[in-house]
Amino acid sequence: KDAREEIEALFTYPEDTKMVRCNKKNIWDALAIKVDIEQMEYVLEAKSSIALCLVHKTHRAFVQMEGNRAVGLLVLDINKKLNKYEISIVQIDRRYQGRGYGKIMLQWAVEYLKKEGAKELEIGVNRYNIAAQNLYQSVGFTVKSVYDEFMTLHMTL
């Protein structure tokens, strides 16, 4: 089964991509999402990301599905009382990276947050996580501030 899943993943590209709330049907697939080894120092594990949503009421988890496969996990923080809208966690499974899923996910997140009432967005990223920086900039984020290990990117909607 594992070998078949790895082989199928090699030939999976965005065709029928959709974002769905994390639920009973997809939670086990979402928990199995693993990022590339080089990104592990920058990103929480999927189970920690989902646990974050259980602890904080303002956090919402979404699973990016390609057909019946979970290819990514997105956590948004939406607090309308504080006018706080944030993309907290973006994870694409290591087997599906580099195929456009991250860009699709972020574009969806920006539109979703815009519908929820966001006027501007800020996202934090490790200064040395170049892949994430390039991804965020590809959807319209610009560098706002740079620190020793961390940087923030900004987008006006």
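For the structure, check the block above.
Residues numbered from 1 in each chain as written. Predicted model: local features only at pLDDT ≥ 70, side-chain atom pairs only at ≥ 80, totals over all residues. Heavy atoms only, no water.

Trainee: What is the right way to read the layout of surface pockets from this model?
Mentor: Over the atoms rolls a probe the size of a water molecule, and its path tells where empty space is left. Considering only enclosed or pocket space, the largest pocket measures out at about 630 Å³ in volume. Along the walls of the largest pocket sit 29 residues, with Val43, Val90, Asn129, Ala132 and Tyr136 positioned nearest its centre. Mapped by element, the contributors of at least two residues to the lining of the largest pocket are strand E4 (84-92), helix H4 (101-116), strand E5 (120-126) and helix H5 (130-138). Of all the elements, E4 adds the most residues to the lining of the largest pocket, at seven residues. In terms of residue class, the lining of the largest pocket is built from 16 nonpolar, ten polar and three charged. Computed from the structure, the second largest pocket encloses a volume of approximately 370 Å³. (1 Å grid on protein atoms, 1.4 Å probe; cavity = no way out; pocket = protein on both sides within 12 Å on 5 of 7 lines; lining within 4 Å. Points joined across faces, edges and corners; volume = space filled by probe spheres on them. Helix = DSSP H or I, 4+ residues; strand = E, 2+ residues; numbered from the N terminus. Nonpolar A, V, L, I, M, F, W, Y, C, P; charged D, E, K, R; others polar.)

Trainee: In this structure, what is going on with the pattern of salt bridges? I would like to understand it.
Mentor: Pairs can form between side chains of opposite charge whenever their charged atoms are close. One pass over the structure, following the stated rule, counts eight salt bridges. Aspartate 93 serves as the salt-bridge partner of arginine 95, at 3.0 Å between the closest nitrogen and oxygen. There is no split in this pair, since arginine 95 and aspartate 93 are both buried. Among the ionic pairs, glutamate 122 bridges to lysine 144, the shortest N-O distance being 2.6 Å. Pair noted here: glutamate 122 is in strand E5 and lysine 144 is in strand E6 (residues 142-146), with a separation of 22 residues, a long-range link. Residue glutamate 122 is classed as partly exposed on the basis of its relative accessible area, which comes to 32%. Each of the salt bridges in this network shares a partner with another, and the network as a whole consists of Glu6, Asp93, Arg94 and Arg95. (Salt bridge = Lys/Arg side-chain N within 4 Å of Asp/Glu carboxyl O. Buried < 20%, exposed > 50% of the residue type's maximum accessible area, 1.4 Å probe, protein only.)

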